[in-house]
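Listed here are the chains, written in short residue letters.
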Amino acid sequence: MALDPKFIGRTYPPTAPYEVGREKIREFADAIGDANPVHRDPAAAAKFGHPDVIAPVTFPIVISLGAAEQIVMDPELGLDYSRVVHADQRFTYARPVRAGDRLVAVVTVENIKTMAGNDIITTRADIATVDGEHVVTARSTLAARGTADAGTAADSTADTTAETAKTGEN
């Protein structure tokens, strides 16, 4: 069954605060193979004007993933998570995430569409300090394979095919 577009614009409650610690930043940097000293050494971070170590740019996935769980586990949405693949992730920063931050995320469904028999859902997590300072926006696109209604999928595929014929693109 296709996801209901009435969920577009739905916003979920803020997550519990996540306290960003130096050790978590170091562990994350190690896990992704980022040896930059600004993720481990406060003195190195200070040379670049930061009050403490800063997190790698993909670190907010730790916070946004928990927030997005509210959407994907919403029984009203009806998303079959066993059929989901992660299609895209983007971060737009106001400032780096740094040790000592206490962050909350508010997640919103930005878009739902059907493409080639798949449901595509795009979410936005606005991540801010508990005091309200915006830090980063995380956008994520998930594809639920083969979950869209057959009629809707055929219409969407036909539209894509027609558009490809007009532009000559593949």
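Along each chain, residues carry numbers from 1 onward, in the same order as the chain's sequence is written. In keeping with the model being predicted, local features are shown solely for residues with a pLDDT of at least 70 and side-chain atom pairs are shown and tallied solely at 80 or more, while totals for entire chains, interfaces and linings include all residues. Note that water and hydrogens are dropped before the side-chain values are worked out from all heavy atoms of the structure.

Enquirer: How would you explain the overall build of the chain if you had to name every residue and give the values?
Expert: Secondary structure is summarised from DSSP: a helix means a run of H or I of at least four residues, a strand means a run of E of at least two, and numbering begins at the N terminus for each. A tally of helices and strands in the chain yields four helices and five strands. The buried label goes to any residue with under 20% of its type's maximum accessible area, the exposed label to any with over 50%, and the partly exposed label to all in between, with areas taken from a 1.4 Å probe on protein chains only. Across the 170 residues in the chain, those meeting the buried criterion constitute 39%. In this description, contact between two residues means that some pair of their heavy atoms is separated by no more than 4.5 Å. When contacts within the chain are restricted to residue pairs at least 6 apart in sequence, those whose partners lie at least 24 apart make up 71%.

Enquirer: Describe unusual backbone geometry, and please don't skip the residues or the numbers.
Expert: The bulk of non-glycine residues show a negative phi, and the bulk of peptide bonds are trans. Of note, the phi angle at Ala116 is positive, near 50°, even though the residue is not glycine. Examined against the element boundaries, Ala116 turns out to sit in the loop between strand 3 (102-115) and strand 4 (118-129). Using a relative accessible area of 53% as the deciding quantity, one classes Ala116 as exposed.

Enquirer: An account of the pattern of salt bridges is requested, with residue identities and associated values reported.
Expert: Whenever a carboxyl oxygen of Asp or Glu lies within 4 Å of a side-chain nitrogen of Lys or Arg, that contact is scored as a salt bridge. Applying the stated criterion across every chain, the model contains 15 salt bridges. The residue Glu76 makes a salt bridge to Arg10 at a minimum N-O spacing of 3.7 Å. With Glu76 in the loop between helix 3 (61-72) and strand 2 (84-93) and Arg10 in the segment before strand 1 (18-19), the pair connects residues that are 66 residues apart, well separated along the chain. Looking at Glu76, the relative accessible area reads 56%, which means it is exposed.

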